[in-house]
Amino acid sequence: MRLKLFTVLFVFCAALVPAGASAEPLPPYDGGMSFHEIQGPEGPEEFSWEVKLGEEEELRQVDDRHAAVYYTGEEHIAFSIEATSAHDAEGTSVPTTLAVTEPNVITLTVHHRAGNPAAGGAPFDYPVLAGAGWEGGFMTEQVVLIETNRQGPSAPQGQQAPPTCVVPDLTGRTLRGSRKILHRAHCQLGLVRGERRREARVTEQYRQVGKVLPAWAAVDVKANPPGQYSRVS
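Engineer: Please clarify how the environment of Trp134 should be interpreted in this entry.
Structural biologist: With respect to the secondary-structure elements, Trp134 resides in the loop between strand E9 (129–130) and strand E10 (164–166). As for Trp134 and Thr92, which are separated by 42 residues in sequence, their C-alpha atoms are 6.6 Å apart. Other than its neighbours up to four places away in sequence, Trp134 contacts His87, Ala89, Glu90 and Gly91.

This is the structure in structure tokens:
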């Protein structure tokens, strides 16, 4: 009788444990959103990562493909997050979206089960992988080279040349100062590794100084807490 009563109590207590209590912890977001190959329509569509937030930071939704970490109570962005692309075995792009599902969790949805929207819902060719597709193969293009003078090409008369991002030297600068310098150079601050407070100082940057990139390209950096770098910003 006692054994039977103990068994009933054990089953009852086990039923009270939340279903997700034994779930594995989410992987940390480190700037990438790689996921395992999706082998068929029965494969998962949602993949989540935990975003490490500082004391004065909060994670916000921007649109259906972007999220960003903001400084609390402000509109200044610490760094932005974009949904990674996906493609099938033939190189066809698979739609993806990104959502903030918890205060510090982002969830990527790979919409493979609904089929290819550009082909009336035709099934994708599995496996589905992370990364941009090449849309069915390679294309050969003929490129004509036009000689210009040695002073470099200029914009057509009456038109202004499009801006480019010329990567500035950020080493030793505060994150706040780096953001202003990058904006003046038509760049933006990307992923910040290490300390993310505005007073933190950049110890390493992951774009070569002077490199010319498309306008508003992101420059990732590593920063240390204030007082651990001697250079004045």
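Engineer: In this structure, what is going on with the layout of surface pockets? I would like to understand it.
Structural biologist: Gaps left between atoms show up when a probe the size of a water molecule is rolled over them. By volume, the largest pocket is sized at about 300 Å³. If you trace the largest pocket, you find 14 residues lining it, with Tyr29, Gly31, Ser80, Ile81 and Glu82 closest to the centre. Elements with a minimum of two residues in the lining of the largest pocket: strand E4 (77–82), strand E11 (187–194) and strand E14 (217–224). Residue contributions to the lining of the largest pocket peak at three residues, all from E4. Classifying every residue of the lining of the largest pocket gives six nonpolar, six polar and two charged.

Engineer: Hey, could you run me through the state of the cysteines in this one?
Structural biologist: Covalently bonding the sulfur atom of one cysteine to the sulfur atom of another cysteine gives a disulfide. In this structure the tally under the stated criterion is one disulfide. The disulfide partner of Cys165 is Cys187, and the S-S distance across this bridge is 2.0 Å. Handedness here is read from the sign of the S-S torsion; for Cys165 and Cys187, about 105°, the answer is right-handed. Of this pair, Cys165 sits in strand E10 while Cys187 sits in strand E11, and the two are 22 residues apart along the sequence. Assigned by exposure class, Cys165 and Cys187 land together as buried.

Rules used in this analysis
- Numbering of residues starts from 1 in each chain and follows the order in which that chain's sequence is written.
- Given that this is a predicted model, residues contribute local features only at a pLDDT of at least 70 and side-chain atom pairs are listed and counted only at 80 or more, while totals for whole chains, interfaces and linings are drawn from all residues.
- To obtain the side-chain values, all non-hydrogen atoms of the structure were included, while hydrogens and water were left out.
- Working definition: helices are DSSP H or I runs of at least four residues, strands are E runs of at least two. Numbering for both runs from the N terminus.
- Here, two residues are considered to be in contact whenever any of their heavy atoms come within 4.5 Å of each other.
- Method remark: on a 1 Å grid restricted to protein atoms, a set of points is classed as a cavity if a 1.4 Å probe fits but cannot get out and as a pocket if it is open with protein on both sides within 12 Å along at least five of seven lines; lining residues have an atom within 4 Å of a point.
- Grid points are joined across faces, edges and corners, and a volume is the space filled by probe spheres set on the points.
- By the convention adopted, Pro, Cys, Tyr, Trp, Phe, Met, Ile, Leu, Val and Ala count as nonpolar, Lys, Arg, Asp and Glu as charged, and the other residues, Gly among them, as polar.
- A pair of cysteine sulfur atoms is labelled a disulfide when the two atoms are within 2.5 Å.
- To sort residues, take the accessible area from a 1.4 Å probe on protein chains only and compare it with the maximum for the residue type: under 20% means buried, over 50% means exposed, and anything in between is partly exposed.

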